[in-house]
Amino acid sequence: APQAMRHPRQPIRIQLWNGSGRSGLAADLASYLRDGGFDVLEVSNADRSDYRSTLVVNRTEALEPATIIADYLGTEHVIQQVGTQGLIDVTVIVGRDARRWTQPH
């Protein structure tokens, strides 16, 4: 099973939005993140289905949660967007590149 690269002081709570246009890809990525010790609270569809790259959206003032998730996924696509999602630390918008994390190796 994959290992989280760095362990945060508390569990990182993740919201996964499927923006890949591929059914089931977000659920597969949710399993990958859970295997790494992350807390995936929600899996749903994004506002659109044509995201090419997976995007990590930090929802807290501290950048640590998003950088840990981005490091785990091996992506540099991170933005800061502090929101009103009280229980969510990071939103991951699943893009078409997510197949690399969900395909058997």
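Residues numbered from 1 in each chain as written. Predicted model: local features only at pLDDT ≥ 70, side-chain atom pairs only at ≥ 80, totals over all residues. Heavy atoms only, no water.

### Things to note about the pattern of salt bridges
Following the criterion strictly, the structure yields two salt bridges and no others. Between Asp 89 and Arg 13 there is a salt bridge, and its shortest N-O distance comes to 2.9 Å. Pair noted here: Asp 89 is in the loop between strand S4 (78–80) and strand S5 (90–94) and Arg 13 is in strand S1 (residues 13–18), with a separation of 76 residues, a long-range link. (Salt bridge = Lys/Arg side-chain N within 4 Å of Asp/Glu carboxyl O. Helix = DSSP H or I, 4+ residues; strand = E, 2+ residues; numbered from the N terminus.)

### Considerations on the environment of Val 94
Mapped onto the elements of the fold, Val 94 is located in strand S5. Exposure remark for Val 94: the relative accessible area of 0% places this residue in the buried category. The spacing of Val 94 and Ala 30 is 64 residues in sequence and 10.0 Å in space, taken between C-alpha atoms. If near-sequence neighbours (up to four positions away) are discounted, Val 94 is found in contact with Leu 16, Trp 17, Asn 18, Gly 19, Ser 20, Leu 25, Ala 26, Leu 29, Tyr 51 and Thr 54. (Buried < 20%, exposed > 50% of the residue type's maximum accessible area, 1.4 Å probe, protein only. Contact = heavy atoms within 4.5 Å.)

### Description of the sheet that holds S5
Strand order in the open sheet formed by five strands is S2-S1-S5-S3-S4, with mixed pairing between adjacent strands. Among the strands making up the open sheet, the edge pair consists of strand S2 (39–45) and S4. This sheet shows a mean twist of 20° between the axes of neighbouring strands, independent of strand direction. The sheet contacts of helix H2 (residues 64–73) involve S1, strand S3 (55–58), S4 and S5, and relative to S3 the element is tilted by about 165°. (Pairing = 2+ DSSP bridges. Axes fitted to C-alpha atoms, helices over the stretch in contact; angles between N-to-C directions.)

### Brief notes about the pairing of S3
Along S3, one buried face is formed by Leu 55 and Val 57 and the opposite face, lined by Val 56 and Asn 58, is buried too. For S3 and S5, the ladder comprises four bridges, and the chain directions are antiparallel. Of the residues in S5, the one forming a bridge with Val 56 is Val 92. Of the crossover connections in this fold, the one passing from S3 over H2 to the parallel S4 is right-handed. (Right-handed = clockwise from strand over helix to strand, strands pointing away.)

### A few points about the confidence of the model for the protein chain
Confidence in the prediction for the protein chain averages 86 pLDDT; 85% of positions are at 70 or higher. Confidence, expressed as mean pLDDT per element, reaches its minimum in the protein chain at helix H3 (residues 99–102) with 68 and its maximum at S1 with 96. (pLDDT = per-residue confidence, 0-100.)

### Looking at the side chain of Thr 91
Turning to its location among the elements, Thr 91 is positioned in strand S5. The exposure class of Thr 91 is buried, given its relative accessible area of 0%. Side-chain polar atoms of Thr 91 contact the side chain of Gln 15, separated by 2.6 Å. For Thr 91, the residues in contact, after removing those within four places along its chain, are Gln 15, Trp 17, Leu 55, Val 56, Val 57 and Arg 59. (Polar contact = N/O pair within 3.5 Å; in protein donor to acceptor, adjacent residues only side chain to side chain.)

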